[in-house]
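Observations on the three-dimensional arrangement
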Amino acid sequence: MKIDKHVKYFIRCLNALPGAYTSIDTSRMTILFFALSGLDLLNALDKIENDKNKIIDWIYSLQILPGENTADKDTKKCGFRGSSFLGGEFNPDGCFTTSEIYEGSHIAMTYTALLSLLILGDDLSRVNKKAITENLKSLQLKNGSFYSTPEGSENDMRFLYCACCISYIIDNWSGVNKKLAVKYVQKSMGYDHGISQGPQLESHGGSTFCAVASLHLMGELENCFDCKKLEKLKRWCLVRQKSGFQGRPNKPVDTCYSFWVGASLKLLDCFQFVDIEKNREFLLTTQHNITGGFSKWPNYHSDALHTYFGICGMSLMNLYNLQPLSPALNISERAHQHLKTLHNTNTMDIS
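Residues numbered from 1 in each chain as written. Predicted model: local features only at pLDDT ≥ 70, side-chain atom pairs only at ≥ 80, totals over all residues. Heavy atoms only, no water.

Some points on the overall build of the protein
Along the backbone of the protein there are 14 helices and six strands. Relative to the compact-globule value of 20 Å for 351 residues, the protein shows a C-alpha radius of gyration of 20 Å, a close match. By its C-alpha atoms, the protein is 60 × 45 × 40 Å across when sized along the principal axes. Relative to its 351 residues, the protein shows a buried fraction of 54%. Counted over contacts in the protein with a minimum sequence separation of 6, partners at least 24 positions apart contribute 69%. Counting only carbon and sulfur atoms, one obtains 50% of the accessible surface of the protein, whose full area is about 15,500 Å². If you average the places of the 37 positive and of the 35 negative side-chain charges in the protein, the two averages end up 6 Å apart. (Helix = DSSP H or I, 4+ residues; strand = E, 2+ residues; numbered from the N terminus. Rg over C-alpha atoms; globule rule 2.2 N^0.38 Å. Buried < 20%, exposed > 50% of the residue type's maximum accessible area, 1.4 Å probe, protein only. Contact = heavy atoms within 4.5 Å. Areas by Shrake-Rupley, 256 points an atom, 1.4 Å probe, with all protein chains shown as cover. Lys, Arg positive; Asp, Glu negative; His and termini not counted. Charge placed at Lys NZ, Arg CZ, Asp CG, Glu CD.)

The following block contains the structure:
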């Protein structure tokens, strides 16, 4: 694996993105996470040591905080947004100053912002955890799923997973009705025993991971399904491997599913049945030997998402001396241990 080239690829992502990324400017926080966590897994965080504090300040600048005026104290909007796409003056102590009428957090951006802060060694002391917890309460629907934004949006397994990760990170589950969440996962298991984005939808490797990881974080993995259903869920994941992994039956293998399905198998304690050599060989066909990075399929251009998840796939297989991955949170075990230290030292009190 071209480790040095992949390190340079992620550093380029931190410094400048190509024009094709303009359409996802509102999700710049996620691209930041891919780059930071990728460098972490590659044992290369030292390459950005001089920029660490600047990056931390940039992340905090995108936190939506309760306003000072009575009308602006609605915590339903609180959390992190994906970028400064609305403009405004940069203020490291607060946020970009724009009209709060148009400001609102996104649950996936809050998730990736918190992970990025952990990767950089931050103590999360500037995170308004109480406001984020109240935000989560407002996002959960009666069927147990979550909206992504307070204004209403899609609601599916992805955002339930984000809510569980956020609650685990801030060490407070009062923003999640676990009983409803577990029922949503149960109803989303298909006839084939894979798990979909929601009830009566098609089973998918990505939503299966989100469901399995959510149950793991809630401590409900063994309680949600009986032994027979768990065994069939494991089988559904295992038969997704062809050379690499596919996300659904009758679909081509794809770099990112080495994480989505591979991490599910780790959490289900059956990763030992993966054909590591075949998966490794497939992943190597999708890496770009000149510019670095991984693509979705062989002979396609690299992108930040598939580069990150390709490296995650290698980490799950314990290859190339990469940092071990903590699969449920989707960060390195080193960063996860930092979070556990914060929990143990009581620095995570809700405030």
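Quick look at the packing of aromatic side chains
For the structure shown, the criterion picks out 15 aromatic pairs. Ring geometry for Phe 33 and Tyr 111: centres 6.5 Å apart, planes at 50°, overall tilted. With Phe 33 in helix 2 (residues 28-41) and Tyr 111 in helix 4 (residues 107-119), the pair connects residues that are 78 residues apart, well separated along the chain. Look at Phe 33 and you get buried, because its relative accessible area is 1%. With relative accessibility at 7%, the residue Tyr 111 sits in the buried group. Seen from their ring centres, Phe 209 and Trp 260 are 5.5 Å apart, and the 55° between their planes marks the pair as tilted. Residue Phe 209 is found in helix 8 (residues 205-218), and its partner Trp 260 is found in helix 11 (residues 257-267); the two are separated by 51 residues along the sequence. The exposure class assigned to Phe 209 is buried, which follows from its relative accessible area of 0%. Taking relative accessible area as the criterion, Trp 260 reaches 19% and is therefore assigned buried. Ring pairs connect the aromatic residues Phe 33, Phe 34, Tyr 111, Tyr 161, Phe 209, Phe 259, Trp 260, Tyr 308 and Phe 309, which therefore count as one cluster. (Phe/Tyr/Trp six-rings, centres within 6.5 Å; stacked < 30°, edge-to-face > 60°.)

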